[in-house]
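Close look at the chain arrangement
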Amino acid sequence: MTSEDKVLFEVRDNIGIITLNRVKQRNAQDLDLLKQLDATWTRAAEDKQVKVIVLKANGPHFSAGHDITDQAMDQVTCIDWDKEPVADLYAYEAEHFLGYCTKWRNVPKPTIAAVHGACIAAGLMLIWPCDLIIAADNARFSDPVVAMGIGGVEYHAHTWEFGARKAKEILFTSSFIDAPTAEQLGMVNKVVPLDDLDAEVMAMAEAIAQKPAFGLAMAKRAVNRTQDIQGYQNSLEAVFDMHQLGHGNCIAATGKPIFAYLDEMKKVTKDGGKS
Ligand code: ZN
């Protein structure tokens, strides 16, 4: 961990609680936060005291997505924009975006995301790898990356989470879906009042933690393996390459990896999405 803890971790009654803590930036993910988060997932996975892992967020919003401000991008020193930026970006995103998400999905313990407020673009990449998602009634979800000239975020679970038609609608329109709609589509397990979110999530985690750890691990593996046999992981890896083609197109046209830094994301990052 660095002196600034962008991710917090505690263990309570066999439950490992990971908390995003970059509140001022609405938990926008810079490289530093992602590295801290991955290290925390690893710690929770390896800690024998931890039987269930909860991922939650401090502040008014779960996550504004990737931090693509100039200051955040300065951390990403492995991309040489004057030489082969497409190749460098591909390697960077394969490791820190698709790679991390895949690793978190396969942690052999039940995981629960507790989501409130806005969860935008790469915010979805933090919750989709989790086994269960419990949403506060003020939660709303969006992937507006198409408006930046790319087909969607790096972890293309949209079609699996929403079904083909809704996935297309959400991608084409950059619209938000609210928590009840997300529940109806099967993207979230349960919607609860915001004030009850912590208690509801902890109650579910405590109930799961009573079960034998190996039974839980095998139940999780059974569902994930079934999805993988249906093509889940292969499809995500195939679409990741299309995402990189989108970056390549933007770089060829403008010299930058995206066409536009969206106003919606700026608003959530700067004023909590009130406007
Ligand atoms: Zn990307």
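Each remark here, short or long, concerns the structure printed above.
Attention here is on the structure that accompanies the text. Predicted model only: the values in this text are computed from it and were never measured.

1. Structural notes on the overall build of the chain
A tally of helices and strands in the chain yields 11 helices and nine strands. In terms of overall size, the chain behaves like a compact globule, its C-alpha atoms giving a radius of gyration of 18 Å where 275 residues would be expected to give roughly 19 Å. If one aligns the C-alpha atoms of the chain with their principal axes, the spans along those axes are about 55 × 45 × 40 Å. In the chain, buried positions account for 50% of the 275 residues. Expressed as a percentage of contacts within the chain between residues at least 6 apart in sequence, the contacts between residues at least 24 apart total 73%. Per element, the accessible surface of the chain, about 12700 Å² overall, is 53% carbon and sulfur. Charged side chains of the chain number 28 positive and 37 negative; the gap between the two group centres comes to 3 Å.

2. What about the layout of surface pockets?
Of the volumes computed, that of the largest pocket is approximately 720 Å³. Sorting the residues of the lining of the largest pocket by element identifies helix H1 (31–46), helix H2 (70–73), helix H3 (85–105) and helix H10 (232–254) as the ones contributing at least two each. When residues of the lining of the largest pocket are assigned to their parent elements, the largest contribution, four residues, is made by H3. Taken together, the residues that form the lining of the largest pocket break down as 22 nonpolar, six polar and seven charged. In terms of lining, the second largest pocket is formed by 22 residues, of which the most central are Cys130, Asp131, Leu132, Val223 and Asn224. Contributions of two or more residues to the lining of the second largest pocket are made by strand E6 (132–136), helix H5 (158–162) and helix H9 (213–230). A total of six residues in the lining of the second largest pocket trace back to one element, the largest contributor, which is H9. Counted by class, the lining of the second largest pocket contains 14 nonpolar, four polar and four charged residues.

Thresholds applied
Residues numbered from 1 in each chain as written. Predicted model: local features only at pLDDT ≥ 70, side-chain atom pairs only at ≥ 80, totals over all residues. Heavy atoms only, no water. Helix = DSSP H or I, 4+ residues; strand = E, 2+ residues; numbered from the N terminus. Rg over C-alpha atoms; globule rule 2.2 N^0.38 Å. Buried < 20%, exposed > 50% of the residue type's maximum accessible area, 1.4 Å probe, protein only. Contact = heavy atoms within 4.5 Å. Areas by Shrake-Rupley, 256 points an atom, 1.4 Å probe, with all protein chains shown as cover. Lys, Arg positive; Asp, Glu negative; His and termini not counted. Charge placed at Lys NZ, Arg CZ, Asp CG, Glu CD. 1 Å grid on protein atoms, 1.4 Å probe; cavity = no way out; pocket = protein on both sides within 12 Å on 5 of 7 lines; lining within 4 Å. Points joined across faces, edges and corners; volume = space filled by probe spheres on them. Nonpolar A, V, L, I, M, F, W, Y, C, P; charged D, E, K, R; others polar.

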